[in-house]
Amino acid sequence: MEEEMFSSEAKKWEGHGSVLLFKEGLEADSVRKLTDAVMQTCEGCCAVFSKNPDGSYKYAMGEINGDLRQFTKEMNAALNGRGGGKPFFVQGSVQADEEKIRKFFER
């Protein structure tokens, strides 16, 4: 059922540029799966954030053939985060609220 939901969400973003999504109640693996689904259809970077019970957010970001290393380093510094991964796909968490996260992505 979750995979159908993620596939449907990915279709909504087909052909769009970069995508920033906030989804409630996702486990880290689900954040990763949703990011992967949307990055396969959008034409930029996909970043998915899901709030943890303590108010922090877990995240995953991916971009086909992208290099997110510098962006992730800057985001983690600005949003009190940690995480990393491959050049084209990263995961982690940030200690920031949704408003602060959105402002960072608007830059």
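Thresholds applied
Residues numbered from 1 in each chain as written. Predicted model: local features only at pLDDT ≥ 70, side-chain atom pairs only at ≥ 80, totals over all residues. Heavy atoms only, no water. Salt bridge = Lys/Arg side-chain N within 4 Å of Asp/Glu carboxyl O. Helix = DSSP H or I, 4+ residues; strand = E, 2+ residues; numbered from the N terminus. Buried < 20%, exposed > 50% of the residue type's maximum accessible area, 1.4 Å probe, protein only. Pairing = 2+ DSSP bridges. Axes fitted to C-alpha atoms, helices over the stretch in contact; angles between N-to-C directions. Contact = heavy atoms within 4.5 Å.

> What should I look at first to understand the pattern of salt bridges in this one?
Where side chains of opposite charge bring their charged atoms close, a pairing between them can arise. With the rule as written, the count across this model stands at seven salt bridges. Across the pair lysine 33 and aspartate 29 runs a salt bridge whose closest N-O atoms are separated by 3.3 Å. Pair noted here: lysine 33 and aspartate 29 are both in helix α2 (residues 28-39), with a separation of four residues, about one helical turn. On the basis of relative accessibility, which here comes to 30%, the residue lysine 33 falls in the partly exposed class. Overall, the relative accessible area of 39% leaves aspartate 29 in the partly exposed class. One network of salt bridges, with partners in common, ties together Glu9, Lys12 and Lys23.

> How should the sheet that holds strand β3 (residues 57-62) be read in this particular structure?
Adjacent strands of a sheet pair through backbone hydrogen bonds, lying either parallel or antiparallel. An order of β1-β2-β3-β5-β4 is seen for the five strands of this open sheet, with the pairing classed as mixed. Where the open sheet ends on each side, the last strands, each with one partner, are β1 (19-22) and β4 (81-86). Geometrically, the sheet is characterised by an average inter-axis angle of 15° between neighbouring strands, direction not taken into account. When strand β2 (residues 46-51) meets β3, the two strands line up antiparallel, connected through six bridges. In the sheet register, phenylalanine 49 faces β3, and the bridge partner there is tyrosine 59. In the packing of helix α3 (residues 69-78) onto the sheet, contacts are made with β2, β3, β4 and β5 (89-94), and the angle to β3 comes to roughly 165°. Seen against the sheet, helix α4 (residues 98-106) touches β1, β2, β3 and β5 and runs at an angle of roughly 175° to β1.

> What am I meant to see in the side chain of serine 93 here?
Relative to the helices and strands, serine 93 is located in strand β5. On the accessibility criterion, serine 93 (16% relative accessible area) is buried. If near-sequence neighbours (up to four positions away) are discounted, serine 93 is found in contact with Tyr57, Lys58, Tyr59, Asn76, Gly81 and Arg82.

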